[in-house]
Every structure is written in C-alpha cells, then in structure tokens.
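Inside the fold
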Number of protein chains: 2
Amino acid sequence: MKRGQAMKNENIAKNKFDEDLLEIRKTILNNLKSTEKNSAKLMDNLAADKGKMLRALFVLIGGSFGNIDRKKLIEMASAIELLHLATLVHDDIIDEANYRRGKSTIHSSYGVKAGIFTGDYLFAQSYVLFSKNVSPKSIIEVSNTIKTICVGEINQFFSVFSLESDIKSYLKRINGKCASLFSLSLAIGAYEGNADKAIIKKLKSIGYYTGMAFQLIDDILDITSETNFLGKPSGNDIKEGIYTLPLLYEIKNSNNLIIENLRNGSTEKVIEILRTSEGLTKAKETAKKYTFKSLKLIESLPDGFEKSYLNQIVEKMLVREY
Amino acid sequence: MKRGQAMKNENIAKNKFDEDLLEIRKTILNNLKSTEKNSAKLMDNLAADKGKMLRALFVLIGGSFGNIDRKKLIEMASAIELLHLATLVHDDIIDEANYRRGKSTIHSSYGVKAGIFTGDYLFAQSYVLFSKNVSPKSIIEVSNTIKTICVGEINQFFSVFSLESDIKSYLKRINGKCASLFSLSLAIGAYEGNADKAIIKKLKSIGYYTGMAFQLIDDILDITSETNFLGKPSGNDIKEGIYTLPLLYEIKNSNNLIIENLRNGSTEKVIEILRTSEGLTKAKETAKKYTFKSLKLIESLPDGFEKSYLNQIVEKMLVREY
C-alpha cells in the first residue's frame, strides 16, 4: 500500500470511530435516563460529563479484530463507560474530590449517601447493557475486573501512610486502579467477535501495559508538575498518604531524610527531595518499560487502520512530558 | 393423603431445605474467600453473619416449581444472599448503623471507604455466581432489581424530614427496600427451571406482597415497640426523618398536633400520639391486606410440601404482635 493510500485510510478510520463515539455517547445518555424524578436528577448531573471515552475507543478497536455486529460493539463500549462512571462516582467519595472535569461531584452536591447509591445504580445499569450484548463468560470477566478494582482500592485504603508499603503491592494496586479495565476494554470486543485467541491475548496485555504506564505517569506527574490534571496541587498523593513508585523506591533504599520528613508530616520537603531523586528516575524508567512493551506488542498486531490508530492513541497517552 | 402422611412429608421437606441451606452457607463462605490479605480481612468480618437466609429459602421454594439442577439452584440462592449482603453493607453506611445482628458493621470497624468497596466487591462476586448459573434474561432481572433498590434508597434520601412525602411514594420506596428482592428470590429459580408461566407470575406477586407486608410491619413496630429488632430505641425512623405509613396517614389527614411537633423536632411526642392514632390502625390494616393477598395467592399454588412450607414461613414472618 502506498503512503498516500495509508494516510487516506487512516482518515477514514478516524471518521468511522468518530461516528461510533457519537453513537456511544447517545447510548450512554439513553442509559442514564430514569423515570424516577430523584434518580433522574442524579443521572442528569452525570450526563454532562463527556470524558475522554478512552475505554470506549479501546472496545471499538479491540472489536475490529473480530467479527461482531456494530450495534453490539457500541452497546458494549457504552457499558464499559457506564461501569467506569460507576467506579468514578465511588472513587470521588473515597478521594473526597469535590470536582471532576470542572463539574461538582455527586457526593459533593448531594451527599455521600446519594453518591453510594448512584454508583450502585450505574453498576446495575451497565450490567443490563452487558447482559443484552455479551456472553456469560464475558460477564464473569467484567465482574472479576470490578473485583480487581475493589481489591486495589481496598489495598490502597489499608496502606495509606504506611512505610511498609512495597513495590509489588503498588504495582498490583495500580493494576486494579487502571490497567485491569483497560485490559478488559481492549479484549472484550475481540473475544465476543471470536477473534484469533493469540490476538485476544495480545490485546489483553496491551491494555494491561498501557494502563500500568498511564497510571505510573500520572503518579510521576503528581510529583513533578506544579498542579496535576485535576487541578490539585502537586504532591497530593503523598499528602493523602498514597505512596507511589518514586517514593517507594526511596523508602526501599532507606533514604532516611525522606523517611524522617514523612514521619514529621513535612510533605512539601518530601516532594522537593523526590523531584531530584533516583527514585523518580527509576519510576520514569519503569513507566518507559511498560510503554515500550505496549508499543512493541501493538507493532505485532495485524497491519491495518486499527493497529495504527491504537498506536497513535497509546503514543498520545503515554509519551508525555514529565 | 392422610394427615399423618402429610406431616411426615412436611418433615422430610423441612429436612431437605435444611440440608440445602447448609450447602448454601458453604457456598457463601467459599465466595467470601479472597486471596488478598486486606479483602480477606473484610470478608472474614462478613462471614460470621449467618442471617435468616429468608431470600435463599425463597429461591429454593420457587425453584421447586420448575425443573432445575439442585447445584444450580443452591448457587443461585447463594448469589441472592451475596447480593443482599452487598446492599446491607451499603445500607449500614447510609443508616449510620454501627451494629448488625450484634456484630460491628464494616464501615464502623474500617471506615466508610472500606465499606463502599466491600459492597461493590460483593455485588461483583454475586454477579460471578449468577453468570455461572442463570440466563442473560435473569441477569437483567437481577440488575433491574438492584436499580429498584437504589431508586428506593435515593428516594428515601431525598424525602427525609419532608412533610410533602406521600403514601404512593412510600409504597414505591418500600418496594425497593424489601419487596423487589423478595419477588426476585421467589421467581428466579422457577423461571430458570422453566416452570409454568402462571406460577412464575404468582411467585413474583407472592414475593412482592410478602415483602410489602414485611416492611410495613417493621415500620409499624418501629412505632409500637419499646426497642426495635436492631436494638434501636423506638421511633428511630421518625428521628432520622424517615416518615413511614402511620405518620403519612396522619399528615395526609392534616393532624396539626403531629405536624407541629414534627416541625419542632419533638419526635417523642409524635411517637406518643401515633401509638393511639387512626393512622396506625390504617397502616395495620394495609399490612393485613398485603398479608392476606400473599396468603391467598400461596393457597392457589399447586399442592405439595413447598406450598405448605412457604405458607408456614410467610405466616411466621407476617403474623406478628404489634
């Protein structure tokens, strides 16, 4: 194929995904409708949130490696986004986050009680959509992913402010926080579309590596940038007792200055030291390793629009300044 | 069939259910196991809770009207109990309940954050078990039931301390709180066992009427008894702003003395007036109507052990002193 042809096809591919994303957005809005006045109020609050729809894009891309009805794929992608939204509503309670993407969160507008049941409602609604479109085996995968997310959150909760947190637990934790849902998103469409088993396996791994790198980079940016993407001041994780990889490397290497400042609650000082630490360099290297693994696996996928599109997205996500 | 024979058979039936309940208990315990240290700790906390397993019993009874593999039925009953447990963990956060059946609740032992994700984990685990044993159509029913429960809780939350709450919303609310899961429990086994459609419909209604009467009686007992079954002082609902049927009847009839005392926050006085009110009498009549409807429908089921056993359970549940 000539270069010109490839570029033209790439544009067609982009347009195709844009149309699908519009359909997904409509499906999500339909699934957020409620005939009940009070729940409708809560759902309206969520409907305004457009998000990046990264996970939906992953479902579309993954699905293209199999043979699956477009409508089914769109509903699966919408279900994944609803599931993601459910975890965000509960996460925001945990993180005591009052804003998400500039909008006030459910629990900050209506209280923790409303937030808990809004999240539960969204979980149930996403299962309705999954049940209509996927096999029982995939519903088990979805449920196991939710369990992994919960275990990640539970482990994070129990490890706050703990100098005993180790790197292995950290990596497991960020798998729950991010990588597990990326992995499910990339694989579910392919699985339901009876794609080649080796390709499904690759997609799962690409989702995993991408999610690991994505979360690692976020955790690094929390230390290196002045304000992070949520508009929170830098070092927010450490202030909340969530010890991420750069810090864990320093704790492992018995950096007494850091440990002492942590014990004293001098988080500003800890962040200052971390910014020029070997721990930060090592964390960046770890992020690069995951990024490299992801891009290498993408390279091994069958050539086509989707492969190049996936490559673009992953590069855009992971090749950031920090 | 002679009376002696019927009684003997009844005992056999009871024994059969006892054995099934033991199996269900084992299945629940297996499903509460976690390989993760922190989640295992939370699950262990829940494993001690034996409960009444009413919903599991309903699944067993409903299932006997169809033709279904015993192991499948036991796993479905266990899944319903896990689902119920998930809602209890989240409910206890909402109700700020520190104890349930004498044991400290998850959120009171480990905090709200742990409570939220423990509930989510249990939801996911119950879906794992459902997905292995029921059709996609039943998974949609399960999900719709969870939505009804959530809508009930959301509506309750938005109606606290509101003199505008009406009887229709109250009945809808207690459907979510109790009746919807009773209805699902009685019907799911019969549906999956391809029982006669008319019987499935009856079982759904029996579950609904039983649940409505059960919740109504609980709400009445909150006013009439000195301490309620949770060991809370009487009138707890009213103190928390949850206005139940006896009170709603009085508000509807513009009982100014009650309305005034509600406005002043003199809940003790409100409870005292309610105890001899027409509203209480009318609420008792409403509970009796639902009980009667349930028992009448049970009477119309095909004769057999299960019918008489269901009748026994429902009578034991609903024919209480208040």
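In what follows, the structure referred to is the one given above.
Keep in mind that what you see is a predicted model, and the values were worked out from it rather than measured.

Here we look at the overall build of chain A
Scanning chain A from terminus to terminus reveals 15 helices and two strands. Dimensions of chain A, computed from C-alpha atoms along their principal axes, come out at roughly 60 × 55 × 35 Å. Put simply, chain A has 322 residues, and 60% of those count as buried. In chain A, the proportion of contacts linking residues at least 24 apart, taken out of those at least 6 apart, comes to 75%. Where the 46 positive side-chain charges of chain A centre and where its 39 negative ones centre are 4 Å apart.

Focus: the packing of helix 12 (residues 256-264) of chain B against helix 13 (residues 267-274) of chain B
All names here are of chain B. Between helix 12 and helix 13, the least distance of the axes is 8 Å, while the angle of their chain directions is 155 degrees. Looking at the two axes, helix 12 sits roughly antiparallel to helix 13. Between helix 12 and helix 13 lies a crossing whose hand is left-handed. Seen from helix 12, the contacting residues are Leu257, Ile258, Asn261 and Leu262; seen from helix 13, they are Lys269, Val270, Ile273 and Leu274.

Observations concerning the relation of the copies chain A and chain B
At an RMSD of 0.0 Å, chain A and chain B line up after a rotation of 180 degrees and a shift of 0.0 Å along the axis. Such a turn and shift between the copies fits a two-fold axis. Counting the interface residues of chain A, we find that 100% of their copies in chain B are interface residues as well, pointing to one common contact surface.

Here we look at the interface of chain A and chain B
The partner chain B presents 41 residues to the 41 residues of chain A that form the contact. Carbon and sulfur atoms supply 75% of the area buried between chain A and chain B, which totals about 4100 Å² over both sides. For the chain A face of the interface with chain B, the top three residues by lost area are A:Lys113, A:Phe117 and A:Phe158, together amounting to 17%. Our count for the chain A to chain B interface comes out at two salt bridges. The interface formed by chain A and chain B holds twelve residue pairs in polar contact (both at pLDDT 80 or more) in total. Put simply, the parts of the chain that give the side of chain A that touches chain B at least two residues each are helix 2 (37-47), helix 4 (70-94), helix 6 (112-133) and helix 7 (136-159) of chain A. Ranked by residues supplied to the side of chain A that touches chain B, first place goes to helix 6 of chain A with 15 residues. Tallied by class, residues from the side of chain A that touches chain B come to 22 nonpolar, nine polar and ten charged.

Considerations on the packing of aromatic side chains
A complete count under the given rule lists 19 aromatic pairs over all chains for this structure. Relative to B:Tyr243, the ring of B:Phe161 lies with its centre 6.5 Å away and its plane at 85 degrees, an arrangement referred to as edge-to-face. In this pair, B:Phe161 sits in the loop between helix 7 (136-159) and helix 8 (167-192) while B:Tyr243 sits in the loop between helix 10 (236-239) and helix 11 (245-252), placing the two residues 82 residues apart along the sequence. Under the relative-accessibility criterion, B:Phe161 is labelled exposed at 52%. Geometrically, the ring pair formed by B:Tyr209 and B:Tyr290 is tilted, given 6.3 Å between the ring centres and 40 degrees between the ring planes. Here B:Tyr290 lies in helix 14 (residues 278-299) and B:Tyr209 lies in helix 9 (residues 197-224), a separation of 81 residues in the sequence. Accessibility classification places B:Tyr209 together with B:Tyr290 in one group, the buried group. Taken together, the ring pairs in this structure connect A:Phe58, A:Phe182 and A:Phe214 into an aromatic cluster.

Describing helix 6 (residues 112-133) of chain B
With 22 residues, helix 6 of chain B ought to run about 32 Å at 1.5 Å a step, and its terminal C-alpha atoms sit 32 Å apart, in line with that. Of all 22 residues in helix 6 of chain B, 19 are buried, a share of seventy percent or more.

Some thoughts on the side chain of B:Asn255
All names here are of chain B. By the secondary structure assignment, Asn255 is in the loop between helix 11 and helix 12. The exposure class of Asn255 is buried, given its relative accessible area of 19%. Sequence-distant contacts of Asn255, that is, excluding residues within four places in its chain, are made with Glu250 and Ile273.

Considering the environment of B:Glu250
Residues and elements named next belong to chain B. For Glu250, the location among the structural elements is in helix 11. Between the C-alpha atoms of Glu250 and Gly279, which are 29 residues apart in sequence, the distance is 5.4 Å. Glu250 has contacts with Asn255, Ile258, Leu274, Ser277, Glu278 and Gly279, leaving out every residue within four places of it along the chain.

Considering the pattern of salt bridges
All names here are of chain B. The final tally for this structure, using the stated rule, is 20 salt bridges over all chains. Note that Glu268 and Lys239 form a salt bridge whose closest N and O atoms lie 3.3 Å from each other. Of the two residues, Glu268 is situated in helix 13 and Lys239 in helix 10; the sequence distance between them amounts to 29 residues. Residue Lys239 is classed as partly exposed on the basis of its relative accessible area of 31%.

Re unusual backbone geometry
Among all residues save glycine, negative phi is the norm, and among peptide bonds the norm is trans. Residue and element names in this part refer to chain B. You will see that Phe161, though not glycine, has its phi angle at about 60 degrees, which is positive. Unusually for a residue other than glycine, Asn194 sits at a positive phi of about 50 degrees. Examined against the element boundaries, Asn194 turns out to sit in the loop between helix 8 and helix 9. Overall, Asn194 belongs to the exposed group, its relative accessible area being 67%.

Quick notes on the packing of helix 3 (residues 54-63) of chain B against helix 4 (residues 70-94) of chain B
Residue and element names in this part refer to chain B. At a minimum axis separation of 8 Å, helix 3 and helix 4 run at an interaxial angle of 150 degrees. Our classification of the angle between helix 3 and helix 4 gives roughly antiparallel. Of the two elements, helix 3 crosses helix 4, and the hand of that crossing is right-handed. Of helix 4, the residues touching helix 3 (which contributes Leu54, Arg55, Ala56, Val59, Leu60 and Gly63) are Leu73, Met76, Ala77, Ile80, Glu81 and His84. Looking at side-chain class alone, the contact of helix 3 with helix 4 contains eight nonpolar, two polar and two charged residues.

Observations regarding helix 15 (residues 305-318) of chain B
It helps to recall that an α-helix has 3.6 residues per turn; residues three or four apart then point in one direction. Residue and element names in this part refer to chain B. Taking 1.5 Å of rise per residue, 14 residues should cover 20 Å, and helix 15 covers 20 Å from first to last C-alpha, within 8% of that figure. Burial in helix 15 covers these residues: Glu306, Lys307, Tyr309, Leu310, Ile313, Val314, Met317 and Leu318. For helix 15, the buried positions fall inside an angular range of 165 degrees around the axis, keeping them on one side.

Cut-off values and rules
- Residues numbered from 1 in each chain as written.
- Chains lettered and ligands numbered in written order.
- Predicted model: local features only at pLDDT ≥ 70, side-chain atom pairs only at ≥ 80, totals over all residues.
- Heavy atoms only, no water.
- Helix = DSSP H or I, 4+ residues; strand = E, 2+ residues; numbered from the N terminus.
- Buried < 20%, exposed > 50% of the residue type's maximum accessible area, 1.4 Å probe, protein only.
- Contact = heavy atoms within 4.5 Å.
- Lys, Arg positive; Asp, Glu negative; His and termini not counted.
- Charge placed at Lys NZ, Arg CZ, Asp CG, Glu CD.
- Axes fitted to C-alpha atoms, helices over the stretch in contact; angles between N-to-C directions.
- Parallel < 35°, antiparallel > 145°, perpendicular 65-115°, else oblique.
- Left-handed = near helix turned anticlockwise from the far one by under 90°.
- Least-squares fit on C-alpha atoms with pLDDT ≥ 70 in both.
- Buried area = accessible area lost by both parts, 1.4 Å probe.
- Salt bridge = Lys/Arg side-chain N within 4 Å of Asp/Glu carboxyl O.
- Polar contact = N/O pair within 3.5 Å; in protein donor to acceptor, adjacent residues only side chain to side chain.
- Nonpolar A, V, L, I, M, F, W, Y, C, P; charged D, E, K, R; others polar.
- Phe/Tyr/Trp six-rings, centres within 6.5 Å; stacked < 30°, edge-to-face > 60°.
- Expected span 1.5 Å × (residues − 1).
- Arc of directions from axis to C-beta.

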